[in-house]
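# Observations on chain architecture
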Amino acid sequence: MSNCFIILAAGESKRFNSKIPKPYHFYKGKPLIQHSINKALNCKKFNKIIVVINKKHLKFIKNLKLKNIKIVIGGKTRAESAYKALKSIQKNSVSKVFIHDAARPGIDHDIINKLIISSKNNGKAIKI
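Residues numbered from 1 in each chain as written. Predicted model: local features only at pLDDT ≥ 70, side-chain atom pairs only at ≥ 80, totals over all residues. Heavy atoms only, no water.

## A word on the sheet that holds strand β5 (residues 70–73)
Rules: For two strands to pair, DSSP has to find at least two bridges joining them. Segments assigned H or I by DSSP are reported as helices when at least four residues long, segments assigned E as strands when at least two residues long, and all are numbered from the N terminus. Here the axes come from fitting lines to C-alpha atoms, over the contacting stretch only for helices, and the angles between their N-to-C directions go from 0 to 180 degrees.
Overall, parallel pairing links the four strands, which are arranged β5-β4-β1-β6 in an open sheet. Across the chains shown, the open sheet's two edge strands, defined by having one partner strand only, are β5 and β6 (96–101). With direction set aside, neighbouring strand axes in the sheet form an average angle of 25°. Examined bridge by bridge, strand β1 (residues 3–9) and strand β4 (residues 48–53) share six bridges and lie parallel to one another. When the bridges of β4 are listed, Cys4 appears paired with Lys48.

In structure tokens:
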């Protein structure tokens, strides 16, 4: 079974009111988005990790020097960004997809494991 973890970070961060977009602001010593990426990588439950970004933020994502992470340019809305990520894996044999918001670094291994178990038992899972 192949699991894919999608991190949505394509927003414009207009309400954040900073020259640095929210996903790239430092929190506890590293960019906010790096916390989510690291948790997805470290739990070793995902065959594919995708980060969906705003094309205006390419310089920020390049500074992270990510390896084995697919970068997808997002759309005008969150839904369009998620759709573009899903389209990018259409030809892969992915059985489960987990979508996470980069602005919420509080996800942990326990939550990820509960979501994976719930998706196995129920065919779907959601964390609000």
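The structure having been displayed, the exposition proceeds.
## Regarding the nonpolar core
Quick note on the threshold: Definition used in this section: a nonpolar core is a set of buried Ala, Val, Leu, Ile, Met, Phe, Trp, Tyr and Cys residues joined via side-chain atoms within 4.5 Å. The rule is simple: take the accessible area with a 1.4 Å probe, protein chains only, and divide by the maximum for that residue type; under 20% is buried, over 50% is exposed, in between is partly exposed.
Grouped together as the largest cluster of nonpolar side chains are 22 residues, with contacts concentrated most on Phe5, Ile7, Tyr24, Ile33, Phe46, Val51 and Ile61. Of all the secondary structure elements, the ones that give two or more residues to this core are β1, α1 (32–43), β4, α2 (58–63) and α4 (109–122). Take this core: its biggest share by element is four residues, from α1. By size, the runner-up hydrophobic cluster in this structure holds 10 residues, among which are Leu8, Ile50, Val52 and Ala82.

## Overview of the environment of Pro23
Rules: Contacts were defined at the residue level, with two residues in contact if any of their heavy atoms lie within 4.5 Å.
By the element assignment, Pro23 lies in the loop between β1 and β2 (26–27). Residues Pro23 and Leu66, 43 residues apart in the sequence, show an inter-C-alpha distance of 14 Å. Those residues in contact with Pro23, other than ones at most four positions away along the chain, are Ala9, Ser13, Pro31, Leu32, Ile33 and Ala102.

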